Amino acid sequence: MNRRDFLLLRKEPRHREFELACDRLYMQCLDAQVTGPQPEDPADPTETSASEGEPPAKFAGRSREQLFEALDRELLEVEVLKVVNSQWLVGDLRQDFDRLMEGFCARGGRVEIQT
């Protein structure tokens, strides 16, 4: 609860806004494509010998689907979504974004495209 809502004795905030920068979404999708979820290594990491040195680094990447699922969960409590830099929505990213927006609008959300 923000200070204004508290001082005006509001129980619920008026509405929650979320600003989605499509350039950042594009970069996160590229990261997911490049790093993605790593396949499990069948070798046991506890079996490294002293001569091998340090085991290889493991990165916790996430897939594009996981990225959009996390974004959808974040939008559950949002009433107004402000979309910035929509020219970055190209190809498959546009299709995934449109599916996300369909679900958001079906829940009663409002989308504002800012230019």
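Residues numbered from 1 in each chain as written. Predicted model: local features only at pLDDT ≥ 70, side-chain atom pairs only at ≥ 80, totals over all residues. Heavy atoms only, no water.

### Details of the pattern of salt bridges
Two side chains of opposite charge can pair, provided their charged atoms sit close to one another. We apply this condition: The term salt bridge refers to a side-chain nitrogen of Lys or Arg lying within 4 Å of a carboxyl oxygen of Asp or Glu. A helix here means a DSSP run of H or I that spans at least four residues, while a strand means a run of E at least two residues long, and both kinds are numbered starting from the N terminus. Only protein chains enter the accessibility calculation, which uses a 1.4 Å probe; a residue whose area is less than 20% of its type maximum is buried, one above 50% is exposed, and one in between is partly exposed.
By the definition in use, this model includes six salt bridges. Note that Lys 82 and Glu 17 form a salt bridge whose closest N and O atoms lie 3.2 Å from each other. Taken together, the positions of Lys 82 in strand β2 (residues 80-84) and Glu 17 in strand β1 (residues 17-21) put the pair 65 residues apart, joining distant regions of the chain. Overall, the relative accessible area of 19% leaves Lys 82 in the buried class.

### Points about unusual backbone geometry
Even without glycine at this site, Asn 85 takes up a positive phi of about 60 degrees. Along the polypeptide, Asn 85 turns up in the loop between β2 and α4 (91-106). Since its relative accessible area comes to 27%, Asn 85 is described here as partly exposed.

### Digging into the pairing of β1
As a reminder, the rule being used: Paired strands, as defined in this entry, are two strands with at least two bridges between them according to DSSP.
Only one face of β1 is buried: it carries Phe 18 and Leu 20, and the other face, with Glu 17, Glu 19 and Ala 21, is open. Bridge count between β1 and β2: five bridges; the pairing is parallel. Each residue of the ladder has a partner; that of Glu 19, found in β2, is Lys 82.

### Let's talk about the packing of helix α3 (residues 64-74) against α4
What counts, and what does not: As a rule, the C-alpha atoms of each element are fitted with a line to give its axis, helices using only the stretch in contact, and angles between N-to-C directions run from 0 to 180 degrees. With respect to orientation, any angle under 35 degrees is reported as roughly parallel, any angle over 145 as roughly antiparallel, any angle of 65 to 115 as roughly perpendicular, and every other angle as oblique. Should the near helix be turned counterclockwise from the far one by less than a right angle, the crossing is left-handed, whereas a clockwise turn marks it as right-handed. Residues are treated as being in contact if the distance between any of their heavy atoms lies within 4.5 Å. For this classification, the nonpolar set comprises Ala, Val, Leu, Ile, Met, Phe, Trp, Tyr, Cys and Pro, the charged set comprises Asp, Glu, Lys and Arg, and every other residue, Gly included, is treated as polar.
The geometry of α3 relative to α4 is characterised by a closest axis approach of 11 Å and an angle of 30 degrees between their N-to-C directions. It follows from the interaxial angle that α3 and α4 lie roughly parallel. As for how α3 packs across α4, the hand of that crossing is right-handed. Of the residues in α4, those in contact with Arg 64, Phe 68, Leu 71 and Asp 72 of α3 are Asp 92, Leu 93, Asp 96, Phe 97 and Leu 100. Looking at the contact of α3 with α4 residue by residue, the class counts come to five nonpolar, no polar and four charged.

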